[in-house]
Amino acid sequence: RIAPVNGWVQLPVSGGGNITGVEIAPSDPNVWYAHVDVGGPYRSDDGGRTWRPLHQNMTLAMRAASADHVKNISIDPRDPDRIVMVAGDGWNPNGLPAGAYVSSDGGKSFHRTLKARFKGEGSHTKRLGRALSRHPTRPDELVAAADGDGIFLSVDGGDSWTACGGDGYFFSDIRHDL
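What you are looking at is a predicted structure, and each value in this text was computed from that prediction instead of being measured.

Undergrad: Looking at this structure, how should I read the sheet that holds strand β5 (residues 70-75)?
TA: The strands making up a sheet associate through backbone hydrogen bonding, with each pair oriented either parallel or antiparallel. One open sheet holds the four strands; their spatial order is β5-β6-β7-β8, and the pairing between them is antiparallel. Unpaired on one side and paired on the other, β5 and β8 (111-114) mark the two borders of the sheet. Ignoring strand direction, the axes of neighbouring strands in this sheet form an average angle of 30°. Looking at chain direction, β5 and strand β6 (residues 83-87) are connected through five bridges and run antiparallel.

Right under this line is the structure:
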């Protein structure tokens, strides 16, 4: 454990990754997820005081496809244990496709629902911004902007995806506009 500095304690990120964001569950403010570009994601059940890594709950095949190189996470506003995340490796010039993953049990297990390139990690290819957006009033609707693979729409909470065009483009951010 690292000593706190001004009340902050360093998250024990494995693999030397950067914490690229923290999401707080709308239905339970004690449940937080951190998306980390290498060796993530992480979960806290006490409002960020302690964290546990979730990447050990991924299969070796998922980790080989860089599923632990998380770009973004979206938490279902009705259920803090249901998350959708997009991940991938930006070091590979061809963009090793990890994709979108869903967990319905708080990160105890994951399954891939979309194979596409998301640059969660990689020095010259990492883009800041969101590659995953959940509609604010229709929580089962998500859009994902993959690197070179286009935009995808899910209307069932991330369980399936439909391609919507945009192939060959590299997006820096995607959001719902009401």
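Undergrad: Explain the nonpolar core to me, please; I cannot follow it from the model alone.
TA: One recurring pattern in soluble globular proteins is that nonpolar side chains are buried together. Formed by 16 residues in total, the largest nonpolar core has its most connected members in Y33, I73, M85, Y101 and F110. Listed by contribution, the elements that provide at least two residues to this core are β5 and β6. Ranked by residues supplied to this core, first place goes to β5 with three residues. Counting 14 residues, the second largest nonpolar core, distinct from the first, contains V86, A100, F118 and A131.

Undergrad: Help me understand the packing of aromatic side chains in this model?
TA: Aromatic rings in a pair are described by how distant their centres are and how their planes are angled relative to each other. In total, this model carries two aromatic pairs according to the counting rule given. Ring centres of Y169 and F171 lie 6.5 Å apart, and the angle between their planes is 45°; on these two criteria the pair is classed as tilted. A residue is classified by how much of its surface remains accessible, and F171, at 25% relative accessible area, is partly exposed.

Undergrad: For this particular structure, what's the right way to read the layout of surface pockets?
TA: Space inside the second largest pocket adds up to approximately 220 Å³. Along the walls of the second largest pocket sit E23, I24, P26, I73, S74, I75, P77, R130, L132, S133, R134 and R175, which together make up its complete lining. Of all the secondary structure elements, the ones that give two or more residues to the lining of the second largest pocket are β1 (19-24), β5 and β9 (132-134). For the lining of the second largest pocket, the class distribution of residues is six nonpolar, two polar and four charged.

Undergrad: Just to check I follow, could you spell out the sheet that holds β9 for this structure?
TA: Taken in spatial order, the four strands make up an open sheet running β9-β10-β11-β12, and their pairing is antiparallel. In this open sheet, the two strands that pair with only one neighbour each are β9 and β12 (162-163). Across two bridges, the pairing between strand β11 (residues 150-154) and β12 is antiparallel. Looking across to β12, one finds that F152 is bridged to A163.

Undergrad: Could you clarify how one ought to interpret a nonpolar patch on the surface in this entry?
TA: Together, I19, V22 and I24 make up an exposed nonpolar region whose accessible area comes to about 240 Å². Counting through the fold element by element, I24 comes out in strand β1. By relative accessible area, which is 44% here, I24 ends up partly exposed.

Undergrad: Can you help me understand the environment of W32 in this one?
TA: As for its placement among the helices and strands, W32 is situated in strand β2 (residues 32-36). Sequence-wise, W32 and D46 are 14 residues apart; in three dimensions their C-alpha atoms are separated by 8.0 Å. Not counting residues within four places of it along the chain, the set of residues in contact with W32 comprises V22, E23, I24, Y42, R43, S44, G47, G48 and W51. Of the polar contacts made by the side chain of W32, one reaches the backbone oxygen of P29; its length is 2.8 Å.

Undergrad: How do you make sense of the side chain of S74 when you look at a structure like this?
TA: Residue position: S74 is located in strand β5. Looking at S74, its side chain comes within polar contact range of the side chain of R134, at 2.8 Å. If we ignore the near neighbours within four places in the chain, the residues touching S74 are R82, I83, V84, L132, R134 and L142.

Undergrad: Would you explain the environment of T162 in this entry?
TA: Position of T162 relative to the elements: it lies in strand β12. The class of T162 is partly exposed, set by a relative accessible area of 47%. Measuring from C-alpha to C-alpha, the distance between T162 and L114 comes to 9.4 Å, with 48 residues separating the pair along the chain.

Calculation rules
Residues numbered from 1 in each chain as written. Predicted model: local features only at pLDDT ≥ 70, side-chain atom pairs only at ≥ 80, totals over all residues. Heavy atoms only, no water. Pairing = 2+ DSSP bridges. Helix = DSSP H or I, 4+ residues; strand = E, 2+ residues; numbered from the N terminus. Axes fitted to C-alpha atoms, helices over the stretch in contact; angles between N-to-C directions. Core = buried A, V, L, I, M, F, W, Y, C linked by side-chain atoms within 4.5 Å. Buried < 20%, exposed > 50% of the residue type's maximum accessible area, 1.4 Å probe, protein only. Phe/Tyr/Trp six-rings, centres within 6.5 Å; stacked < 30°, edge-to-face > 60°. 1 Å grid on protein atoms, 1.4 Å probe; cavity = no way out; pocket = protein on both sides within 12 Å on 5 of 7 lines; lining within 4 Å. Points joined across faces, edges and corners; volume = space filled by probe spheres on them. Nonpolar A, V, L, I, M, F, W, Y, C, P; charged D, E, K, R; others polar. Patch = residues over 30% accessible without salt bridge, like charges linked within 9 Å, V, L, I, M, F, W, Y side chains within 5 Å. Areas by Shrake-Rupley, 256 points an atom, 1.4 Å probe, with all protein chains shown as cover. Salt bridge = Lys/Arg side-chain N within 4 Å of Asp/Glu carboxyl O. Contact = heavy atoms within 4.5 Å. Polar contact = N/O pair within 3.5 Å; in protein donor to acceptor, adjacent residues only side chain to side chain.

So far we have only geometry, and geometry alone does not tell us how the molecule works.
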